[in-house]
Amino acid sequence: MPEHTSFFTYLIAKLPFFKDFAHALGHTATGQEVTTHTIEPFVVSVFIVILLSLVAFAAKAKIVAPKGIADEAIVPEDKLTSRTFLELFVGYVYDTMKDAMGPKRAKKYFPVVGTAAIFIFFGNLLGLIPGFAPPTSSWNITLGCSLVVFFAFNYYGLKENGFAYIKHLAGPVWWLAFLIFPLEVMSLIIRPITLSVRLMLNMSVDHLLVGIFHTLVALVVPVAVMLLGTLVIAVQAYVFTLLATVYISLATEHDEHIEDHQPGKKHDITRVPVQPPA
């Protein structure tokens, strides 16, 4: 994807620490030399994590009421603040997960999905600020987020269902296992790739279009493009969150057909969950 110059580009170039750090990393997995521009998405990601942590601590300080002032933590504020925004955001993500996997599992797996959702949303949102580039326009960042989800739902699936999680990939009938199992494994491997590429391409194109319109027409027109970009930001964060929720839900679901998948017992194929497209 095209490289963008942002505020962090100049900041990293001016600080010798980042130059030494990039030089110490050597080369990437593809053999390219690591430069200060290469590590920029990681630096921006760390900046977002620090910023969100500060906002979260500030919101927590308002929620945890002092002694004898419990009403301040219960009654919602009458204006949009960091606390009200986080409450709305967390509530929406939790409701999305609850609809897909139920309240018990939604609460259990919310830390992984919720963290990915808020990081991706604010990572996307950074691209609308003039002088900044979204870290989610880099495949290194989106692939990292996708791999976290990939290892998480496989770990949760093995933890909840044991070997039955692996056996489920072979399909409902044993004589088709040699055909279904490789396809299912390939589907699992493709998931983080499609999840990361979808997000990276959408954010790269969105940021590129905003930059082009800013260059061609400096007034009025870029505002409409930025409003459209806001919709893209929200939709892409929602899609990532929803797919991560679906993957974890399918991996941790306790299906009765797993126990029935034994010699001498009939198999109810209708109860086999349908795998979503990668």
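Residues numbered from 1 in each chain as written. Predicted model: local features only at pLDDT ≥ 70, side-chain atom pairs only at ≥ 80, totals over all residues. Heavy atoms only, no water.

1. Digging into the nonpolar core
Quick reminder of the rule: Take the buried residues of types Ala, Val, Leu, Ile, Met, Phe, Trp, Tyr and Cys, join any two whose side-chain atoms come within 4.5 Å, and each joined set is a nonpolar core. Under the scheme applied here, a residue whose accessible area is under 20% of the maximum for its type counts as buried, over 50% as exposed, and between as partly exposed, the area being computed with a 1.4 Å probe on protein chains only. Counting from the N terminus, the helices are the DSSP runs of H or I reaching at least four residues and the strands are the DSSP runs of E reaching at least two. Only heavy atoms matter for contacts: two residues are in contact if any of them lie within 4.5 Å across the pair.
If you look at the biggest cluster of nonpolar residues, it comprises 50 residues, and the most contacted ones within it are Ile-39, Met-97, Phe-153, Phe-240 and Ile-248. Elements with a contribution of two residues or more to this core: helix H1 (7-14), helix H2 (16-25), helix H3 (40-63), helix H5 (82-101), helix H6 (103-125), helix H7 (139-161), helix H9 (177-216) and helix H10 (221-252). In contact with Phe-240, not counting residues within four places along its chain, are Ala-116, Ile-120, Cys-145, Ser-146, Val-149, Leu-195 and Leu-199.

2. Considering the UniProt feature "transmembrane region" (unreviewed entry) in the protein
Let me state the cut-off plainly: UniProt positions are given in the numbering used here, feature names are shortened, and annotations may be inferred rather than shown by experiment.
Per the UniProt record, "transmembrane region" (unreviewed entry) is found at residues 42-59, 109-133, 139-157, 169-190 and 210-240. Across residues 109-133, helical content stands at 68% and strand content at 0%; the span's end C-alpha atoms are separated by 30 Å. Strand forms 0% of residues 139-157 and helix 100%; the C-alpha atoms that close the span are 26 Å apart.

3. Re the pattern of salt bridges
Proximity of charged atoms lets side chains of opposite charge pair with each other. The following threshold applies: Any Lys or Arg side-chain nitrogen found within 4 Å of a carboxyl oxygen on Asp or Glu counts as a salt bridge.
Inspection of every chain in the model, using the stated rule, returns three salt bridges. Between Asp-95 and Lys-98 there is a salt bridge, with its nearest N and O atoms 3.8 Å apart. Of the two residues, Asp-95 and Lys-98 are both situated in helix H5; the distance of three residues between them amounts to about one turn of the helix.

4. Things to note about the packing of H1 against H3
Under the convention used in this document: Working convention: axes come from line fits to C-alpha atoms, limited for helices to the stretch in contact. Angles between N-to-C directions cover 0 to 180 degrees. Each angle receives one of four descriptions, namely roughly parallel if under 35 degrees, roughly antiparallel if over 145, roughly perpendicular if within 65 to 115, and oblique otherwise. Residue classes follow a fixed rule: Ala, Val, Leu, Ile, Met, Phe, Trp, Tyr, Cys and Pro count as nonpolar, while Asp, Glu, Lys and Arg count as charged, and any other residue, Gly among them, counts as polar.
Packing of H1 against H3 brings their axes to within 10 Å, and their N-to-C directions diverge by 105°. The orientation of H1 with respect to H3, classified from their angle, is roughly perpendicular. Across the interface between the two elements, Phe-8, Thr-9 and Ile-12 of H1 pack against Glu-40, Val-43, Val-44 and Phe-47 of H3. Looking at the contact of H1 with H3 residue by residue, the class counts come to five nonpolar, one polar and one charged.

5. Comments concerning H7
What counts here: Take the number of residues in a helix, subtract one, and multiply by 1.5 Å to get its expected span.
Taking 1.5 Å per residue as the helical rise, H7 with its 23 residues ought to reach 33 Å, and the 32 Å between its terminal C-alpha atoms agrees with that figure. For H7, the full list of buried residues reads Ile-141, Thr-142, Cys-145, Ser-146, Val-149, Phe-150, Ala-152, Phe-153, Asn-154, Tyr-156, Gly-157 and Asn-161. Positive backbone phi, approximately 65°, marks Gly-162, located one or two places after H7.

6. Here's the deal with the side chain of Thr-96
Quick reminder of the rule: In protein, a polar contact requires one atom able to donate a hydrogen and another able to accept it; more generally it is a pair of N or O atoms within 3.5 Å, and residues adjacent in sequence count only if both atoms are side-chain atoms.
Tracing the backbone shows Thr-96 in helix H5. Side-chain polar atoms of Thr-96 contact the backbone oxygen of Tyr-92, separated by 2.9 Å.

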